[in-house]
Amino acid sequence: MPHIDEIRLLRRRSKAFLERAIDSLNSGDYDIASFLSEQAVQLYLKSLLLEKLGDYPRTHSISILLSIIKEIPSCDRLMELLERSRTEIRLMEDAYIASRYLAREYTREEAEVLVNLAKEVLKLGGVL
């Protein structure tokens, strides 16, 4: 698959994950909303790396993805947003594992924070 097609696919999936996260938030399924928000951001960041560098690491860690994106000069606005949101990023990374495997329940407030961060990231990236 050519990179441009994979970039589009990742961004389409990223947007779909965010839409499902919003649906889950609205229906009171906060664990799923939190997980899907993380997926939306993770896939968008991977699409960005693919676009800018031609590849991305096969990792699920947003922090690792951000450590690479930080070195790309044209991503300054995204990095500013995400550096202001360090606590939310940690919560988002926690949601990747905890919402599936641990006896951890997310609150409405936590899910709202994660959904809103995902919205901001995707808006800044032009996906929304």
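Just above sits the structure.
Residues numbered from 1 in each chain as written. Predicted model: local features only at pLDDT ≥ 70, side-chain atom pairs only at ≥ 80, totals over all residues. Heavy atoms only, no water.

### What to know about the packing of aromatic side chains
Heads up, the condition is: Side-chain rings of Phe, Tyr and Trp, where Trp is taken by its six-membered ring, are said to pair if the distance between their centres is within 6.5 Å; with planes under 30 degrees apart they count as stacked, over 60 as edge-to-face, and otherwise as tilted. Criterion for a charge above a ring: Arg CZ or Lys NZ at most 6 Å from the ring centre, at most 35 degrees from the ring normal.
Inspection of every chain in the model, using the stated rule, returns one aromatic pair. A cation over an aromatic ring shows up here: Arg58 above the ring of Tyr56, its NZ or CZ 4.1 Å from the ring centre. Its guanidinium or amino end placed over the ring of Tyr106, Arg104 lies 3.9 Å from that ring's centre, counting from NZ or CZ.

### Thoughts on a nonpolar patch on the surface
Selection criterion: Patch construction takes residues with relative accessible area above 30% that form no salt bridge. Like charges are linked within 9 Å, and nonpolar side chains (Val, Leu, Ile, Met, Phe, Trp, Tyr) are linked within 5 Å. Per-residue and other accessible areas were derived by the Shrake-Rupley procedure at a 1.4 Å probe size, with only the shown protein chains allowed to occlude residues. Here, a salt bridge means any Lys or Arg side-chain nitrogen found within 4 Å of an Asp or Glu carboxyl oxygen. The secondary structure listing takes helices from DSSP runs of H or I that are at least 4 residues long and strands from runs of E that are at least 2 residues long, numbered from the N terminus.
Together, Ile97, Tyr101 and Leu102 make up an exposed nonpolar region whose accessible area comes to about 330 Å². The topology assignment puts Ile97 in helix α5 (residues 86–101).

### What to know about the pattern of salt bridges
The line we're drawing: Throughout, exposure labels follow a simple rule: accessible area from a 1.4 Å probe, protein chains only, divided by the maximum for the residue type, with under 20% read as buried, over 50% as exposed, and the rest as partly exposed.
Evaluation of the coordinates by the stated rule reveals seven salt bridges. Among the ionic pairs, Arg104 bridges to Glu110, the shortest N-O distance being 3.0 Å. You can call Arg104 partly exposed: its relative accessible area is 25%. The closest approach of N and O atoms between Glu112 and Arg108, which form a salt bridge, is 3.0 Å. On the criterion of helical spacing, the pair formed by Glu112 and Arg108 is a turn pair, its members being four residues apart in helix α6 (residues 108–124). For Arg108, a relative accessible area of 32% puts it in the partly exposed group. Residues joined by salt bridges that share partners form a network here, namely Asp94, Arg104 and Glu110.

These figures come from the coordinates and say nothing about function on their own.
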